[in-house]
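# A structural walkthrough
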Amino acid sequence: MNFLKVPWPHIGAWTHYFLHADIPVLATTARALEELRAIEDEVDANMLTPVIQADPLMTLKVLAYAASLRKPSQATETESITTSLVLMGISPFFRYFGPQRTVEDWLTDQPEAKEGLQKLLRRAERAGQFALGFAVHRGDTDATIIHQAAFLHDFAEMLIWLHAPALAIQIRDAQAADATLRSRAIQREVLGVELTDLRQALMKLWRLPELLISISDDRHAERSNVQCVVLAVRLARHTALGWDNAAIPDDIDEIARLLNTTPRVARLFLNKIDHPILEAASLAGQPPGRT
C-alpha cells in the first residue's frame, strides 16, 4: 500500500486526492454484503440499510454514489440510506459495489493506524447515539439526519488514518504530548488544512444531501440541530476513556440547556443512552468506559 508520507500543499489538492481515492469498509460490512449478494433476488432496501448504516465508511460511499446519479442541476434531496438504495435499485447497487476492500486488510501492516481508526469508529458510533438521543428527546423531525451527521462527523479524520497513517499518528502524538494544544492548530501544522474544512469541502464536492451538509457545519452551532451534533461529538470524545474528564461537567451543562432540563437529569439521561453501547462493547471484548 502506498500511503501518503507528506501532506498535500493545499485543500484543493487534498480534496482532489480523496475524490478519486479508494475507501475500504469494515470487514463485517464486506462479509454481510457478500452474504446478501448471494441472495440478491430476495434483498430489498430494508435488508441492506442496517448493514450500510453500521459503517460510516460504507455510508459515505453509498450517499456519494446516490448523489452522483443526479444531474448537477438537481437538488440532493436523498437524505437517508434507504431512499438512496430505492433511488439506485438493488441490482445496480450490487453491480456498482462489488466485493469491498476491508479496513483490516488495508491497514494490516499499520497496527497503530488500525487501532487509531478503530477508536475513532467507536467514538463515531457513540456520537451518533448521543445525537439521536438528543434529537428524539427534543422531538426534532430531522432526528435521522442528525444521527447521520454525528456518525459521519469525523470521516475526514478516518480518511487520514487510512491514507496517511504517519500523519495521523503525528497529530495523535502531538495532542498526547500537550493537551492544551488546539486540534485545529495541530491539523494545520501537520496537514496544512483543518479537518473541519476538508470534511465540508468533500461533502459539497460529493454533493451529499444539503441538509446533512448544513447540520454538519460546526460554524452554525447557534442552530439546535447543529448543537445536537456538536455536543454529541464533543461528549463522545471527552468520554472515550471514561466519565471523569474535566471537560464533561461543562458538556453536561450545555446539553442540559439544549434539552431544557437540569444538569442532574441530563446526566441520568446520558447514562441511559450510553449503557447499551457499553454493554455491546463489553460483549465484543472491548474495555468499556467508566460511568
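Here we summarise the structure given alongside this text. Source: prediction; values computed, not measured. The residue numbering used here restarts from 1 in each chain and proceeds along that chain's sequence as written. For a predicted model such as this one, the threshold for reporting local features is a pLDDT of at least 70, and the threshold for listing and counting side-chain atom pairs is 80 or more; totals across whole chains, interfaces and linings nevertheless cover every residue. Hydrogen atoms and water are omitted, and side-chain values are computed over all heavy atoms in the structure.

## Looking at the overall build of the chain
For the purposes of this entry, the term helix denotes a DSSP run of H or I that reaches at least four residues, the term strand denotes a run of E that reaches at least two, and both are numbered from the N terminus. Looking only at helices and strands, one finds 17 helices and zero strands in the chain. A globule of 291 residues ought to have a C-alpha radius of gyration of about 19 Å, and the chain, at 19 Å, matches this closely. Look at the contacts in the chain between residues 6 or more apart in sequence, and 69% of them connect residues 24 or more apart. Accessible surface, the chain as shown: approximately 14,200 Å² in total, 52% of it carbon and sulfur. Charge-centre separation for the chain: the mean point of 30 positive side chains lies 3 Å from the mean point of 36 negative side chains. Note on method: radius of gyration uses C-alpha positions; expected globular size equals 2.2 Å times residues raised to 0.38. Pairs of residues are marked as contacts when any of their non-hydrogen atoms sit within 4.5 Å. What sets the accessible areas is the Shrake-Rupley method with a 1.4 Å probe; for residues, cover comes only from the shown protein chains. Counted as positive: Lys and Arg. Counted as negative: Asp and Glu. His and the chain ends are not counted at all. Charged groups are reduced to one reference atom each: NZ for lysine, CZ for arginine, CG for aspartic acid, CD for glutamic acid.

## Quick notes on the packing of aromatic side chains
Side-chain rings of Phe, Tyr and Trp (the six-membered ring for Trp) are treated as a pair once their centres are within 6.5 Å; stacked means planes under 30 degrees apart, edge-to-face means over 60, and tilted covers the remaining angles. A complete count under the given rule lists eleven aromatic pairs for this structure. For the ring pair Trp8 and Tyr17, a centre distance of 5.7 Å and an interplane angle of 40° mean the geometry is tilted. Ring centres 5.6 Å apart and planes at 85° place the aromatic pair Tyr65 and Phe97 in the edge-to-face group. Of this pair, Tyr65 sits in helix H4 (residues 56–68) while Phe97 sits in the loop between helix H6 (90–96) and helix H7 (103–106), placing them 32 residues apart in sequence. Linked through ring pairs, Tyr65, Phe93, Phe94, Tyr96 and Phe97 together constitute an aromatic cluster.

## Looking at the packing of helix H2 (residues 27–37) against helix H3 (residues 45–53)
Lines are fitted to the C-alpha atoms to define the axes, a helix being fitted only along its stretch in contact, and any angle between axes, read from their N-to-C directions, falls within 0 to 180 degrees. It is at 9 Å that the axes of H2 and H3 come closest, and there the two elements cross at 165°. With respect to their mutual orientation, H2 and H3 come out roughly antiparallel. Relative to H3, H2 is oriented so that their crossing is left-handed. From H2, Thr29, Ala32, Leu33 and Leu36 reach across to H3, where they touch Met47, Leu48 and Val51. Residues are grouped as follows: Ala, Val, Leu, Ile, Met, Phe, Trp, Tyr, Cys and Pro are nonpolar; Asp, Glu, Lys and Arg are charged; all remaining types, including Gly, are polar. Looking at the contact of H2 with H3 residue by residue, the classes come out as six nonpolar, one polar and no charged. For classification purposes, angles smaller than 35 degrees are called roughly parallel, those larger than 145 roughly antiparallel, those between 65 and 115 roughly perpendicular, and all remaining angles oblique. We call a crossing left-handed when the near helix sits turned anticlockwise from the far one by less than a right angle, and right-handed when that turn is clockwise.

## Remarks on unusual backbone geometry
Non-glycine residue Arg207 carries a positive phi angle of around 60°. With respect to the element layout, Arg207 can be found in the loop between helix H13 (195–205) and helix H14 (210–215). Here Asn260, not a glycine, exhibits a phi torsion of approximately 60°, which is positive. Residue placement: Asn260 occurs in the loop between helix H16 (248–259) and helix H17 (263–283).

## Comments concerning H4
Residue pairs three or four apart in sequence face the same way in an α-helix, which turns once every 3.6 residues. Relative to the 18 Å expected for 13 residues at 1.5 Å per residue, H4 spans 18 Å between its end C-alpha atoms, a close match to the ideal helical length. For H4, a buried count of twelve out of 13 residues is recorded, marking the element as mostly surrounded by other parts of the structure. Burial here depends on accessible area, computed with a 1.4 Å probe over protein chains only, as a share of the maximum for the residue type. Under 20% is buried, over 50% is exposed, and the range in between is partly exposed. Of all the residues in H4, the buried ones are Pro56, Leu57, Met58, Thr59, Leu60, Lys61, Val62, Leu63, Ala64, Tyr65, Ala66 and Ala67. Helix span is expected to be 1.5 Å times the residue number reduced by one.

## Notes on H16
Taking 1.5 Å per residue, twelve residues should reach 16 Å; H16 reaches 16 Å between its end C-alpha atoms and fits that length. All of the buried residues along H16 are Ile248, Asp251, Ile252, Ile255, Ala256, Leu258 and Leu259. Along the axis of H16, the buried positions cluster into a sector of 160°, meaning they face one direction only. Facing away from the buried side of H16, by more than 90 degrees, are the exposed residues Asp250 and Arg257. Of the residues trailing H16, Asn260 is marked for its positive phi of about 60°. As used here, the arc belongs to the directions running from the helix axis to the C-beta atoms.

## Some details on the packing of helix H10 (residues 155–163) against helix H11 (residues 165–177)
Running from amino to carboxyl end, H10 crosses H11 at an angle of 120°, the nearest separation of the two axes being 5 Å. For the element pair H10 / H11, the angle class is oblique. Packed against H10, whose contacting residues are Ile160, Trp161, Leu162 and His163, the element H11 presents Pro165, Ala168, Ile169 and Arg172 at the interface. A class-by-class count of the residues in the contact of H10 with H11 yields six nonpolar, one polar and one charged.

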